Amino acid sequence: MDRTRAWTVAVFSFIFADAVAVQARGPVLTSLGAEFGVSAATLGLVAPAGTVGFLGAVVVTGTLAGRIRKRPTLLAGAACTVGALVSMSVAPTYAVFLVALFGQGTAAGAFRGLDRVVLSHLHADRRARMYTVYTLVWAVGAVLTPQLVSVVLAVAEWRALFLVVAVAFLPATLLAVRYDLPSIDAERSVSRADLIALFRRPAVLGSCLGMVLTGALEGVLFTWLVYYAETFYPTVTANALLSVYLLAYIPARLGCATAIERAPHLLLLLAALVPAIPALAVAFSGVTGAVLFATVFVAGAAISTGFPVLSAYAVESAPEYSGPLNAVTNGSTYVGLAVAPAVVGVLANRYGIGPAIQWTVVALAVAFVLAVGSLWRWTGTAGVPQGE
């Protein structure tokens, strides 16, 4: 296997495993609550614990992508992720579990701050497509996770799950050990002045706002959908609902991988997002059965377009700064992932999980559509603005 192929496989295997790690958190909330005796509001800390460290690491490594040694950073991120997951599996208290989860997020962020930089330069002639395939691989890992959780919990306790997840990160770790990283000379070191000018661009600012909102939507659903469904379904069926939501990511992102090279980015995103508003409103109105599963699928297909389209949109506007742009778009997503689930936890304690999740996701979906429309008007084009 040549180095380009090896590192492409390493990046894709890591993002697959990272999807498993992220999606495993929501389905075990009930088990964590029973094990440690904590409330819904306290369980809402799982999302911030897993994302605060990630956010810091991804911003630092992405911003410094033109300066730091990439292979040692990627290797350390993969190896430390494995160690942190093992620590989570043996945590004696909820506080220790959260600390280990913080460590896992930090280690994963060190890798994720550079992984799309690697893809960007190894596959510069098809960058947008590779970014979309990257998100498709994430979706495949995510959709398999709820059923993996059900299988593991049927034969063992929740602690065993995190050992299984740790194993999923071993391929990326072993490939990083074995193969040198091909030279990446096109990535420019960025000065403070460059950063300020870059982040003032409408395409970048608008992308960051959109990423916060898509991260908030995904964070709420990843964290609380199973918990919500368990109020009227057994755990296996509730996990299946999350699988249906995530299953929608696969055809949606396959379609996006083709459409993104043929349609203006913002037009594509708006067309995909509008159906999310009624779908989310109906899904969390108290319906059950086929209507619930269908509306959750529609919402998943719509929301899944946000990350790949906006990340490609931002980087295509200034590809020589793919590291900082990868950092700021990833970081913006995880701001939403960290904050919104905690807000839902607080609201759920007061009003119940149904109203809390419905009010939050519908408001976020409306804000997302308005943000994309405003970005189109601000830049004056639905495509990628050049030479801002």
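Everything here concerns the structure above.
Structural notes, computed from the coordinates. (Residues numbered from 1 in each chain as written. Predicted model: local features only at pLDDT ≥ 70, side-chain atom pairs only at ≥ 80, totals over all residues. Heavy atoms only, no water.)

## Examining the overall build of the protein
Within the protein, the secondary structure is distributed over 19 helices and zero strands. For the protein, the spread of C-alpha atoms along the three principal axes comes to 55 × 45 × 35 Å. Buried residues in the protein amount to 59% of all 388 residues. Of the contacts made within the protein by residues no fewer than 6 positions apart, 87% connect residues no fewer than 24 positions apart. In the structure as shown, the protein presents an accessible area of about 13,900 Å², 67% of it carried by carbon and sulfur atoms. Within the protein, the 16 negative side-chain charges are centred at a point lying 3 Å from the centre of the 22 positive side-chain charges. (Helix = DSSP H or I, 4+ residues; strand = E, 2+ residues; numbered from the N terminus. Buried < 20%, exposed > 50% of the residue type's maximum accessible area, 1.4 Å probe, protein only. Contact = heavy atoms within 4.5 Å. Areas by Shrake-Rupley, 256 points an atom, 1.4 Å probe, with all protein chains shown as cover. Lys, Arg positive; Asp, Glu negative; His and termini not counted. Charge placed at Lys NZ, Arg CZ, Asp CG, Glu CD.)

## Section: helix 19 (residues 353–379)
Its 27 residues give helix 19 an end-to-end C-alpha distance of 39 Å, which sits within 8% of 39 Å, the value for a rise of 1.5 Å per residue. One or two steps after helix 19, the chain reaches glycine 380, where phi turns positive at roughly 80°. (Expected span 1.5 Å × (residues − 1).)

## Let's talk about the packing of aromatic side chains
Following the criterion strictly, the structure yields 18 aromatic pairs and no others. Summarising the aromatic geometry, the rings of tryptophan 138 and phenylalanine 222 are spaced 5.5 Å apart at their centres and angled 35° between planes, so their arrangement reads as tilted. Highlighted residues: tryptophan 138 in helix 7 (residues 127–155) and phenylalanine 222 in helix 11 (residues 202–229), separated in sequence by 84 residues. Connected via pairs of aromatic rings, a cluster forms that spans Phe36, Tyr94, Phe97, Trp158 and Phe162. (Phe/Tyr/Trp six-rings, centres within 6.5 Å; stacked < 30°, edge-to-face > 60°.)

## Some details on the packing of helix 14 (residues 265–273) against helix 17 (residues 306–316)
At a closest axis distance of 10 Å, the pairing of helix 14 and helix 17 adopts a crossing angle of 165°. If you check the angle between helix 14 and helix 17, you find them roughly antiparallel. Two packed elements cross with a definite hand, and for helix 14 against helix 17 that hand is left-handed. Residues His265, Leu266, Leu268 and Leu269 of helix 14 lie in contact with helix 17, whose contacting residues are Gly306, Val309, Leu310, Ala312 and Tyr313. Here the contact of helix 14 with helix 17 is composed, by residue class, of seven nonpolar, two polar and no charged. (Axes fitted to C-alpha atoms, helices over the stretch in contact; angles between N-to-C directions. Parallel < 35°, antiparallel > 145°, perpendicular 65-115°, else oblique. Left-handed = near helix turned anticlockwise from the far one by under 90°. Nonpolar A, V, L, I, M, F, W, Y, C, P; charged D, E, K, R; others polar.)

## Considering the nonpolar core
A general tendency of soluble globular proteins is for nonpolar side chains to be buried together. Core analysis: the largest hydrophobic core is formed by 134 residues, its most contacted members being Phe97, Tyr245, Leu280, Phe284 and Ile303. Those residues in contact with isoleucine 303 that sit more than four places away from it in its chain are Thr214, Leu217, Glu218, Leu221, Tyr245, Tyr249, Ala276 and Leu280. (Core = buried A, V, L, I, M, F, W, Y, C linked by side-chain atoms within 4.5 Å.)

## Notes on the side chain of arginine 116
Mapped onto the fold, arginine 116 is located in helix 6 (residues 94–122). Aspartate 115 is the oppositely charged side chain nearest to the buried, salt-bridge-free arginine 116, at an N-O distance of 4.9 Å. Leave out the neighbours within four places in its chain, and arginine 116 touches Tyr131, Tyr134, Phe307, Ser311, Asn326, Thr329 and Asn330. (Salt bridge = Lys/Arg side-chain N within 4 Å of Asp/Glu carboxyl O.)

## What about the pattern of salt bridges?
All chains considered together, the criterion is met by six salt bridges. Note that aspartate 115 and arginine 112 form a salt bridge whose closest N and O atoms lie 3.4 Å from each other. Highlighted residues: aspartate 115 and arginine 112, both in helix 6, separated by three residues, approximately one helical turn. Judged by relative accessible area, which is 0%, aspartate 115 ranks as buried.

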